[in-house]
Amino acid sequence: DFRPVLFCYRVFFICFFSSVFHFFFSSRRRHTRYISVTGVQTCALPIFTSPSTYEGFYREQTDSFFGKSVAWGGGPALFNKLDADGALSPMTNTDLVSLVETNITQNLGGADMVKRDGNGDLIWVGSAISSYGFTVNNQVLEDRGLPKPTTWEDLASSDYYTSGSQFNIGLANAPDSTSVSRIYQIILQKYGWDGGWEIINRMAGNSKIYGGAVETRSSVISGETSIAMTIDFFGILAMNQNPNTEYIIPENSSIIIAEPIALSKNPVHPAAANAFIQYVLSPEGQAILLDPTINRLPIRADAFDEPAGVSRPDLEALYNRTISNQVITFDEELARSLELTMRSHFEFTITDVHTKLRATWASLVSTYKTGGFPTGPRERFEQIADEFGKPAITLAEAQNFEPSIIDTTFKFSKQTEWNQFANDKFDYVINMIDDNYTTSPHDNTTISSTTTSSYVISLTPTPEPTTTTTSTFISDTSSPAFSSNSSPTISVNISTNLILLGIVSVVIIRRKLRS
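Here goes a summary of the coordinates provided. (Residues numbered from 1 in each chain as written. Predicted model: local features only at pLDDT ≥ 70, side-chain atom pairs only at ≥ 80, totals over all residues. Heavy atoms only, no water.)

Focus: the packing of aromatic side chains
To describe a pair of aromatic rings, one takes the distance between the centres and the angle between the planes.
Part 1 of the reasoning: A full pass over the atoms with the stated rule returns 14 aromatic pairs.
Part 2 of the reasoning: Cluster of aromatic residues (ring-pair linked, three or more members): W361, Y368, F381, F388 and F426.
Part 3 of the reasoning: Between K190 and the ring centre of Y191, over which it is positioned, the NZ or CZ distance is 5.5 Å.
Part 4 of the reasoning: For the cation-ring pair, R217 lies above F234, with the distance from its terminal atom to the ring centre recorded as 4.5 Å. (Phe/Tyr/Trp six-rings, centres within 6.5 Å; stacked < 30°, edge-to-face > 60°. Lys NZ or Arg CZ within 6 Å of the ring centre and 35° of its normal.)

Put into structure tokens, the structure is as follows:
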């Protein structure tokens, strides 16, 4: 009885032809829509993909199998690394160069909007601008009796810890969000390495840690938290979904960054790629960023003169506020030199031990608010809070670890070491809360006999990293990379279906033959 075999072959051909049919007609619809929206006449069908790791982004820009032509979105840190690794090619098209030199601001708020190589050729150009801040839910703040914050320091205040079951701030785990990781970098550069980590740890004591920026934003929209770390356009999306929310740029404590667009290394369709980039940078293309489903700030102010721009006075007001806000001096190279280590340090000393961190912070805040520090209560609170916020490593060590942190063995050793550091630190802080004579193990003072030994961990030499690597660069806010060829993803899906059906058929046939 070969009916089961025939059934499998029927399913095989149905899946195959339906996949081909769907790919062909959906591709034609996307192609027609692309031409009608952009006005770019090209026989090449644009395919947008959004890699989730740096390794994926790099491969798609350099491997001819993927056939990408344009890289778009992800921030200057990502694009500077892609450039350093040889994944981008210079933009030399005369029309494109002229458009950039005539209409794109080279520097805004101290941040580069254009990147050139040693020969003066364009490597990337900003297609949009962004600021970083937090979004508040005014109704939840009022319900919980909390003040509206205006600075990063405000979020580190004990005022924002209300109970163990109530989370007043939403943070994202650093490895899972490029945008929120940039907020942590801003705090570290504004307040210094040690001071920045103290603020971040105290914020974490008031917070719930989420898996990414989208979940973090959703928490303030729903009212689970009263405040959430957001990039500007996530704040705008929140305000569109919940009128009680409001995006705030911290006073004199943010930065402006460009959202780069660039040519891939050896672009498959260079003419179409150059036409696309020119359109993105034109007034009409810039105005598309103002669509209510996108809500991005254009890099060109004249986008607000377009019909789509005239209808968005809210975004124009935010644009003016963004470019007029006093920003901090942000060192992009410093941020790049410790980015991956900083993310791992956050995960291993905050996220992994967050339950204990929250319990320790709760004990400290409760003791302070109930008069548990009889002598110099504010001074004692700040002394213990300083200890609570200490990082596991120095700035120099973070930079030294950066080349090795992508190695699985090395990273795991640091996870074990830094988890232990954090747990020992919180144990020590509890001792400091319970005994007013307990001082920091870093102080040159006598420590009470009731305290534990110093929790400082000696950083022993680690072995050279092996070649095994893990995904390290999560990109949750970037626009998709751009390609002008058929989609390899669809091909892979079709092939997978065929392989699985083929295996099933072979197994059934072999069983029939044996019988």
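Text resumes after the structure shown.
Digging into empty space enclosed by the protein
Part 1 of the reasoning: If you walk through the whole model with that rule in mind, you get 1 cavity of 30 Å³ or more.
Part 2 of the reasoning: Here the largest cavity is characterised by a volume of approximately 180 Å³.
Part 3 of the reasoning: Looking at the largest cavity, it is lined by 20 residues, and the ones nearest its centre are G74, G75, Y132, T178 and I257.
Part 4 of the reasoning: If you list the elements that add at least two residues to the lining of the largest cavity, you get α3 (76-84), β7 (122-137), α7 (178-191), β12 (256-264) and α15 (332-351). (1 Å grid on protein atoms, 1.4 Å probe; cavity = no way out; pocket = protein on both sides within 12 Å on 5 of 7 lines; lining within 4 Å. Points joined across faces, edges and corners; volume = space filled by probe spheres on them. Helix = DSSP H or I, 4+ residues; strand = E, 2+ residues; numbered from the N terminus.)

A closer look at the environment of N419
Part 1 of the reasoning: By the secondary structure assignment, N419 is in helix α19 (residues 408-434).
Part 2 of the reasoning: Placed 71 residues apart in sequence, N419 and F348 show a C-alpha to C-alpha distance of 5.5 Å.
Part 3 of the reasoning: For N419, the contacting residues outside a window of four places in its chain are F348, D352, V353 and K414. (Contact = heavy atoms within 4.5 Å.)

Observations regarding the nonpolar core
Part 1 of the reasoning: I227 and M229 are the most contacted members of the largest nonpolar core, which totals 71 residues.
Part 2 of the reasoning: Sorting elements by how many residues they give to this core places α19 first, with 9 residues.
Part 3 of the reasoning: Each residue touching M229, except ones within four places of it in the same chain, is listed here: G133, F134, W152, L155, I169, G170, L171, V180, I183, M203 and T216. (Core = buried A, V, L, I, M, F, W, Y, C linked by side-chain atoms within 4.5 Å. Buried < 20%, exposed > 50% of the residue type's maximum accessible area, 1.4 Å probe, protein only.)

Notes on the side chain of T151
Part 1 of the reasoning: Tracing the backbone through its elements, the reader meets T151 in the loop between α5 (138-143) and α6 (152-155).
Part 2 of the reasoning: Here T151 falls in the buried class, since its relative accessible area comes to 13%.
Part 3 of the reasoning: Of the polar contacts made by the side chain of T151, one reaches the side chain of E153; its length is 3.4 Å.
Part 4 of the reasoning: A distance of 3.1 Å separates the side chain of T151 from the backbone nitrogen of D154, its partner in a polar contact. (Polar contact = N/O pair within 3.5 Å; in protein donor to acceptor, adjacent residues only side chain to side chain.)

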